[in-house]
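Reading the structure
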Amino acid sequence: MKSAFTRELKILMLEDLQDDVGLIEHALSRDGVHFTSIQVDSRDEFVQALQTFLPDVILSDHSLPQFNSIEALKICKEHGHNVPFILVTGTVSEEFAVSCLKQGADDYVLKSNLARLSSAIANSMRQRQVETRRRQAETALRKQNEELTKINKELDSFVYSVSHNLRAPLMSVLGLVQLAKMDDDNHQKLFHEYFSRIEHSIHKLDETLKEILDYSRNARSEVCIERVNLRGLIEETFDRMRYLSGSDCMDKEIVVEEDVPLFSDAHRLIVIFNNLISNSIKYRAATKERQFIRIHARITRTDAFIHFEDNGIGISPDLITKIFDMFFRATAKSEGAGLGLYIVKEAIDKLGGAIQVRSNFGEGTTFEIRLPNKQEIVPLITTQQQAS
């Protein structure tokens, strides 16, 4: 008889009679089933076999001296073992058989009719495979639905918030220009005030537009791995921030411990540094005699650990869990759309890293970032490019 199985099975037998084990093995061998089996007859042995033998199928007698099939079935469920569980027992009532099936057994075979054992195993394994594929499909569909719900929610918020943040500064500029037109040339002081307000509104609009561009690029562009000069990127970021109000008031400390080169996405790192450093400058504690931002980075073969610390105004405890939310603003001083830290989190997620924040209100804020060092990817990419 041709076997229905394409590989050798690992069969765990819960049976206390060696003669019955021999009959079961003979019936399977006669049907051409290739298998390896072990026999257990106690709870402890059964649990150990589940963990070490990792069976493909379990054949269980119903009643043993100190253990039974119902208890064994319950243990399988508790330990998450998704393999066929088939009763191989003596005469049982139809009511008992139905009860076992309801509790999760896949089938039952009487010892007086072992001729159908191999087909029962094959059918049970096929059914388990179908159920596994169905659960995987349901899980994938659920994840897709959750992702679509998240995208739709963020899109709705994005459309509303961006339209508001774009139109409000523009309307403010328009109103100020109209007021300026109504004043005569003798009101130079008023003109200066109007133009200062116009400049402020334009800066708010520019900040919002930059956040939108960073969000779009991070969401749409692929991760591009290259060798990164981490210290150089940080120093360039500080150089770009030198015209930001308050930048010249802050002590800046950069320490980079580089045992090996860092390979990552330079563009996303720039976005991360821009947002974190600009936040430290914008939300500095101006009343403190000494204001600082410290950046300490350590690069290993597998990871880059980057520590940002400032002694700024800090974040209130009731807001700390919300700072990475889209459009969230922890303070009225925020100039942009509230996308900055959301983009930081999304960029780090894209790179396969993680970020944590600690903050004491009035004392300062610390961000801890871990990014994978993807140096092993570069040779692969280079090889693929050369082949193409």
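Residues numbered from 1 in each chain as written. Predicted model: local features only at pLDDT ≥ 70, side-chain atom pairs only at ≥ 80, totals over all residues. Heavy atoms only, no water.

Examining the environment of Leu244
Mapped onto the elements, Leu244 comes out in the loop between helix 7 (230-240) and strand 9 (250-258). The class of Leu244 is partly exposed, set by a relative accessible area of 27%. Measuring from C-alpha to C-alpha, the distance between Leu244 and Ile281 comes to 7.7 Å, with 37 residues separating the pair along the chain. When sequence neighbours within four positions are dropped, the list of residues in contact with Leu244 reads Ser278, Ile281 and Lys282. (Helix = DSSP H or I, 4+ residues; strand = E, 2+ residues; numbered from the N terminus. Buried < 20%, exposed > 50% of the residue type's maximum accessible area, 1.4 Å probe, protein only. Contact = heavy atoms within 4.5 Å.)

A short note on the side chain of Thr300
By secondary structure assignment, the location of Thr300 is in the loop between strand 11 (291-299) and strand 12 (303-310). The contacts of Thr300, once residues within four sequence positions are left out, are Val260, Phe305 and Asn373.

Description of the packing of aromatic side chains
Going through the model one piece at a time under the given rule, you end up with three aromatic pairs. With 5.9 Å between their ring centres and 55° between their planes, Phe46 and Phe67 make a pair best called tilted. Here Phe67 lies in strand 5 (residues 67-68) and Phe46 lies in helix 2 (residues 43-52), a separation of 21 residues in the sequence. Comparing Phe46 with Phe67 shows no difference in burial state: the two are buried. For the pair Phe273 and Phe308, a centre-to-centre distance of 5.9 Å together with 45° between the ring planes defines the contact as tilted. Placement of Phe273 in helix 8 (residues 266-282) and of Phe308 in strand 12 is noted, with a sequence separation of 35 residues between them. Seen from the ring of Phe292, Arg294 lies directly overhead, with NZ or CZ sitting 4.0 Å from the centre. (Phe/Tyr/Trp six-rings, centres within 6.5 Å; stacked < 30°, edge-to-face > 60°. Lys NZ or Arg CZ within 6 Å of the ring centre and 35° of its normal.)

A few points about helix 2
Within the span of helix 2, buried status applies to Phe46, Ala49 and Leu50. The arc that holds every buried residue of helix 2, seen down its axis, measures 100°, which confines them to one face. Residues of helix 2 that are exposed and angled more than 90 degrees away from the buried face: Asp44, Gln51 and Thr52. Buried residues belonging to helix 2 abut strand 1 (9-14), strand 2 (35-40), strand 3 (57-60), strand 5, helix 3 (69-78) and strand 6 (85-89). Downstream of helix 2 by one or two residues, Leu54 has phi in the positive range, about 50°. (Arc of directions from axis to C-beta.)

Details of the packing of helix 7 against helix 8
It is at 10 Å that the axes of helix 7 and helix 8 come closest, and there the two elements cross at 45°. The angle between helix 7 and helix 8 falls in the class oblique. Between helix 7 and helix 8 the crossing geometry is right-handed. For the pair formed by helix 7 and helix 8, the contact residues are Leu230, Leu233, Ile234, Thr237, Phe238 and Arg240 on the first element and Ala266, Leu269, Ile270, Phe273, Asn274 and Ile277 on the second. Taken together, the residues that form the contact of helix 7 with helix 8 break down as nine nonpolar, two polar and one charged. (Axes fitted to C-alpha atoms, helices over the stretch in contact; angles between N-to-C directions. Parallel < 35°, antiparallel > 145°, perpendicular 65-115°, else oblique. Left-handed = near helix turned anticlockwise from the far one by under 90°. Nonpolar A, V, L, I, M, F, W, Y, C, P; charged D, E, K, R; others polar.)

Overview of helix 9 (residues 340-350)
For helix 9, the complete set of buried residues consists of Gly340, Leu341, Tyr342, Ile343, Val344, Ala347 and Ile348. Where helix 9 terminates, the next one or two residues include Gly352, which has phi positive at roughly 80°.

Side note on the sheet that holds strand 6
Here five strands make up an open sheet; going across it, the order is 2-1-3-6-7 and the pairing parallel. Across the chains shown, the open sheet's two edge strands, defined by having one partner strand only, are strand 2 and strand 7 (107-110). The sheet shows a mean angle of 25° between the axes of neighbouring strands, direction not considered. The sheet contact formed by strand 1 and strand 3 spans four bridges and is parallel. Residue pairing across strands places Leu12 opposite Ile58, the latter belonging to strand 3. The sheet contacts of helix 1 (residues 18-30) involve strand 1, strand 2, strand 3 and strand 6, and relative to strand 2 the element is tilted by about 165°. (Pairing = 2+ DSSP bridges.)

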